[in-house]
Amino acid sequence: ISSITITGTNAADFSIYVNDCTGYTTSGLPQNTTCPVYIEFTPSTVGTETATLNFNDSAPGSPHTVSLTGVGQSSSASSENLVVLTPTLAFGTQNDGTTSSYQYTTVKSTGTAPVTISSITITGTNAADFSIYVNDCTGYTTSGLPQNTTCPVYIEFTPSTVGVETATLNFNDSAPGSPHTVSLTGVGQAVTKTLAVTTPTLTYAAQTVGTTSGGQLGYVLNTGTGTVAFTSYTLSGTNPGDFTIVSNQCQSSYTGQLPANTSCYVQVSFKPTATGTRTATLQFTSNALGSPQTVTLTGTGQ
């Protein structure tokens, strides 16, 4: 065996690791004796590669050949992997035109090589109503997300229409299966401003003329979906001078801005200026439908 060579299209990507036939270049390979040659493959391109191993020898039919084949694949296909740990974000119901609290999703690099996250985008039917609040994956656009490392992205929802809204958060990256996606859902609802009086009447016990009773509380409840803004709290009617607003929780606790599903009160005392039945009306004036909402006040002077 005078020599052993590798030829063909991709000969450079195949190499002889060990040649146990080198001892037979002069004395020759004896009858019924074998010798092995060990070959390695180091692809330089993606796809199928071929070459030929040649035994150049003194026997008829030389060179005796061995076909070599291998398939090169990209480094991402062999060693990069990205897993979405929170594949769905559901924002629930949100008033149109208002922004939700953020939610976050996390991806993790689980392969043996860093994953490059080139960009993060939002696509789909209602993409414009979802936005990236904070992107903690921005540092991995060049160096890549290391193995066993996670990074979060924080999303907000600002509906512009009534009903279910959907979109998709896309991690555009170098790992197989890109883009890796997160489903985004939320429900937009119309803003309504309605106020209900939960104590429609306050009745005071008989009170000596010129003396002041204890306070009673007139409550209102925001039954809508939007904040109700109060503009005034007034006493009107037949005997408004016999009643006094002692304290106003709607103003002191909520600065006149009552959130949805929240109640507040105004405390009123009674000081009759004359004997007999005395009446007045406590009015809550606001931007709620049907304003002003009223509480009837009744007391007796003695």
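Here, the structure is the one placed above.
Small disclaimer: the values here were computed from a predicted structure and weren't measured. (Residues numbered from 1 in each chain as written. Predicted model: local features only at pLDDT ≥ 70, side-chain atom pairs only at ≥ 80, totals over all residues. Heavy atoms only, no water.)

## Here's the deal with the overall build of the chain
Next up, step 1: What the chain contains, in helices and strands, is 2 helices and 22 strands.
Next up, step 2: Relative to its length of 302 residues, the chain is extended, with a C-alpha radius of gyration of 41 Å against a globular reference of 19 Å.
Next up, step 3: Its C-alpha atoms give the chain principal-axis dimensions of about 140 × 30 × 30 Å.
Next up, step 4: Residue pairs in contact within the chain that sit at least 24 positions apart in sequence constitute 67% of those at least 6 positions apart.
Next up, step 5: For the chain, the exposed surface amounts to about 15000 Å²; the carbon and sulfur share of it is 50%.
Next up, step 6: If the 4 positive side-chain charges of the chain are averaged to one point and the 13 negative ones to another, these points end up 49 Å apart. (Helix = DSSP H or I, 4+ residues; strand = E, 2+ residues; numbered from the N terminus. Rg over C-alpha atoms; globule rule 2.2 N^0.38 Å. Contact = heavy atoms within 4.5 Å. Areas by Shrake-Rupley, 256 points an atom, 1.4 Å probe, with all protein chains shown as cover. Lys, Arg positive; Asp, Glu negative; His and termini not counted. Charge placed at Lys NZ, Arg CZ, Asp CG, Glu CD.)

## Some remarks on the state of the cysteines
Next up, step 1: Using the criterion set out here, one finds 3 disulfides in the structure.
Next up, step 2: Disulfide pairing places Cys137 opposite Cys151 at an S-S distance of 2.0 Å. In this structure the cystine formed by Cys137 and Cys151 twists about its S-S bond by roughly 100°; its chirality is therefore right-handed. Here Cys137 is found in the loop between strand E10 (130-135) and strand E11 (150-157), whereas its partner Cys151 is found in strand E11, with 14 residues between them in sequence. Taken as a pair, Cys137 and Cys151 share a single burial class, namely buried.
Next up, step 3: For Cys250, the disulfide goes to Cys264, at an S-S distance of 2.0 Å. Residues Cys250 and Cys264 share a disulfide whose torsion about the S-S bond is about 95°; that sign makes it right-handed. Placement of Cys250 in helix H2 (residues 249-252) and of Cys264 in strand E20 (residues 263-270) is noted, with a sequence separation of 14 residues between them. (Disulfide = S-S within 2.5 Å. Buried < 20%, exposed > 50% of the residue type's maximum accessible area, 1.4 Å probe, protein only.)

## Quick notes on the pattern of salt bridges
Next up, step 1: For the coordinates displayed, the defined rule picks out 1 salt bridge.
Next up, step 2: A salt bridge links Asp242 to Arg278; the nearest nitrogen and oxygen atoms lie 2.6 Å apart. With Asp242 in the loop between strand E17 (228-236) and strand E18 (243-248) and Arg278 in strand E21 (residues 276-286), the pair connects residues that are 36 residues apart, well separated along the chain. Of the two residues examined, Asp242 and Arg278, each falls in the buried class. (Salt bridge = Lys/Arg side-chain N within 4 Å of Asp/Glu carboxyl O.)

## Comments concerning the sheet that holds strand E12 (residues 163-173)
Next up, step 1: Across the sheet, which stays open at both edges, the 4 strands sit in the order E7-E13-E12-E9 with mixed pairing between neighbours. Where the open sheet ends on each side, the last strands, each with one partner, are strand E7 (88-95) and strand E9 (117-123). This sheet shows a mean twist of 15° between the axes of neighbouring strands, independent of strand direction.
Next up, step 2: Pairing between E12 and strand E13 (residues 180-189): 9 bridges, direction antiparallel. Following the sheet pairing, Thr166 is matched in E13 by Thr185. (Pairing = 2+ DSSP bridges. Axes fitted to C-alpha atoms, helices over the stretch in contact; angles between N-to-C directions.)

## Side note on the sheet that holds E11
Adjacent strands of a sheet pair through backbone hydrogen bonds, lying either parallel or antiparallel.
Next up, step 1: Ordered in space as E6-E8-E11-E10, the 4 strands form an open sheet in which the pairing is antiparallel. Looking at the sheet topology across the chains shown, the edges are occupied by strand E6 (82-84) and E10. Adjacent strand axes in the sheet meet at a mean angle of 30°, parallel and antiparallel pairs treated alike.
Next up, step 2: Taken together, the 6 bridges between strand E8 (residues 103-109) and E11 define a ladder with antiparallel strand orientation. By the bridge assignment, Gln103 is partnered in E11 with Ile155.

## What to know about the pairing of strand E16 (residues 216-222)
Next up, step 1: Sheet analysis places strand E14 (residues 195-197) next to E16, joined by 3 bridges and oriented antiparallel. Looking at E16, one finds that Ala196 is bridged to Leu221.
Next up, step 2: When E16 meets E20, the two strands line up antiparallel, connected through 6 bridges. The partner of Leu221 across the bridge, within E20, is Ser263.

## Digging into the nonpolar core
Next up, step 1: The biggest cluster of nonpolar side chains holds 23 residues, and the ones touching the most others in it are Val107, Ile155, Leu169, Phe171 and Leu184.
Next up, step 2: For this core, the secondary structure elements donating two or more residues are E6, E7, E9, E11, E12 and E13.
Next up, step 3: For this core, the leading source of residues is E11, giving 4 residues.
Next up, step 4: Setting aside its immediate chain neighbours within four residues, Ile155 contacts Leu89, Phe91, Ser101, Tyr102, Gln103, Ile122, Phe130, Ser131, Ile132, Tyr133, Leu169 and Leu184.
Next up, step 5: Formed by 20 residues, the second largest nonpolar core is a distinct cluster that contains Val220, Leu258, Val268 and Val295. (Core = buried A, V, L, I, M, F, W, Y, C linked by side-chain atoms within 4.5 Å.)

Scope: geometric values only; no functional claims are made or implied.
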